[in-house]
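Analysis of the macromolecular model
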Amino acid sequence: MPTLQSIRRLSVRPAKHPPASTPSASTPHVKTTIGRLLSLRTSKTPITVLTAYDYPTALACSAHPVDITLVGDSLAQVCLGYPSTTRLSLDEMLHHCRAVARGSTSPLLIADMPFGTYAPSVSDAVKSAVRMVQEGHVEGVKLEGGEETVEHVRALTKIGIPVMAHIGLLPQRHVSLSGYKVQGRTAQSASTLLRAARALEDAGAFSIVLEAMPTLLGAYITEQLNIPTIGIGAGPGTSGQVLVWDDMVGTWSGHKPRFVRHFADVRKEVVRGVSGYVNAVRNGTFPDPEREGYSMDRDEWEKFLAAEGRPSWTWTPVPRNTPTEDAVAES
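Here we summarise the structure given alongside this text. Keep in mind that what you see is a predicted model, and the values were worked out from it rather than measured.

**Observations concerning the packing of aromatic side chains**
Here the structure, examined in full by the defined rule, presents three aromatic pairs. Between the aromatic rings of W301 and W313, the centroid separation amounts to 6.1 Å while the plane-to-plane angle is 65°, which identifies the pairing as edge-to-face. With W301 in helix α12 (residues 298-308) and W313 in the segment after α12, this pair connects stretches of sequence that are 12 residues apart. For W301, a relative accessible area of 32% gives the class partly exposed. By relative accessible area, W313 is classed as partly exposed at 36%. Through a chain of ring-to-ring contacts, the aromatic side chains of W301, F304 and W313 assemble into a single cluster.

**As for the pattern of salt bridges**
Considering all chains together, one arrives at 12 salt bridges under this definition. In this structure, R131 engages E135 in a salt bridge whose closest nitrogen and oxygen atoms are separated by 2.9 Å. Judged by its relative accessible area of 30%, R131 falls in the partly exposed class. E135 sits in the partly exposed class, given a relative accessible area of 32%. A salt bridge links R195 to E147, with the shortest nitrogen-to-oxygen separation between them at 2.9 Å. Placement of R195 in helix α8 (residues 187-203) and of E147 in the loop between β4 (140-144) and α7 (150-158) is noted, with a sequence separation of 48 residues between them. Several salt bridges share partner residues, and in doing so they unite D91, R131 and E135 into one network.

**As for unusual backbone geometry**
For the peptide bond that leads from F286 to P287, omega is 0°, which places it in the cis range. Here P287 lies in the loop between α11 (266-282) and α12. A positive phi angle is found at H137, which is not glycine, with a value near 65°. Checked against the element boundaries, H137 lands in the loop between α6 (122-134) and β4. Overall, the relative accessible area of 46% leaves H137 in the partly exposed class.

**So, the side chain of T69**
With respect to the helices and strands, the residue T69 is situated in strand β2 (residues 68-71). Not counting residues up to four positions away in its chain, the partners in contact with T69 are L50, A52, C61, V100, P107, L108, L109 and I110.

**As for the side chain of S128**
Relative to the helices and strands, S128 resides in helix α6. Take S128: its relative accessible area is 10%, and that puts it in the buried class. Contact partners of S128, with chain neighbours within four places excluded, come to L90, M113 and T117.

**Some words on α7**
Burial in α7 covers these residues: V150, H152, V153, A155 and L156. The secondary structure elements touched by the buried residues of α7 are α6, β4, β5 (163-168) and α8. Note on α7: the residue one or two positions beyond its end, G160, has a positive phi of about 95°.

**Thoughts on the environment of A196**
Looking at where A196 falls in the secondary structure, it is placed in helix α8. Residue A196 is classed as buried on the basis of its relative accessible area of 4%. A C-alpha to C-alpha distance of 5.0 Å links A196 and G146, two positions 50 residues apart in sequence. Excluding its chain neighbours within four sequence positions, the residues that come into contact with A196 are G146, E147 and I167.

Reading the values: rules and limits
- Residues numbered from 1 in each chain as written.
- Predicted model: local features only at pLDDT ≥ 70, side-chain atom pairs only at ≥ 80, totals over all residues.
- Heavy atoms only, no water.
- Phe/Tyr/Trp six-rings, centres within 6.5 Å; stacked < 30°, edge-to-face > 60°.
- Helix = DSSP H or I, 4+ residues; strand = E, 2+ residues; numbered from the N terminus.
- Buried < 20%, exposed > 50% of the residue type's maximum accessible area, 1.4 Å probe, protein only.
- Salt bridge = Lys/Arg side-chain N within 4 Å of Asp/Glu carboxyl O.
- Contact = heavy atoms within 4.5 Å.

Structural data, given as structure tokens:
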């Protein structure tokens, strides 16, 4: 029977202390509300948004913290390996929403409505959004589209589901847009985007994502609205910024858009860690029987061997070789 000490040494066990995302008494994190976002906009304090797709990334977003955690449909590509966001199903999104919700505390938790879950009809939008709130445990939803989504936004806000709108480049429509291209570069298209932004605000959206548009247009639309704008490739004149987690930490190996900046090089550390582990196992330096193994009372071991009929059995560790350069030293 395992001792209490051995149980405590298991590699996967409940945390002894609250998760790192739990605010401490000395540094409380204020819960982000829609009202607080409006206050940040009024005070011209930039709003921070990051995507999260699982419990660990949600904890990180809560610990530091960001203002809004977005369960983005970009998880289709960066987590599930799909070629585009249009392959993501509602059930898959709900699975990830629940994982993020378990690790989210102070940020406002918003999730993308997957392709095909809202565009067919207002009724579809309401049913899908209700599932995302009830089953996914999110606090609001984001949907892509211009004036054609106004009634969807109006219906959702009418029943109390906060909506973040999204105009400009619409990744869910990348095929019809002939690729991931900057929008609003002509006077006519700029006017169309501005008109959509105003209509979506009037329909009740609490915020609008402006993606891949000229910097001046992003700033102008922001100035014309009374709700926060969140830019991604729309310049610094918006009320806040959003980045995809994998772009931010440098783990995405696909195309790097112009607006992406890597704030860490996690991919390099992953390569170092995996190669170090493989080398350590192969050269016999991991695991170390003394530092990374468990002992057994000598009398009990001798009883075991006697019961097996092999009292003289012995084992000698394989001679340890010198670790390679890639082997990671114990922290």
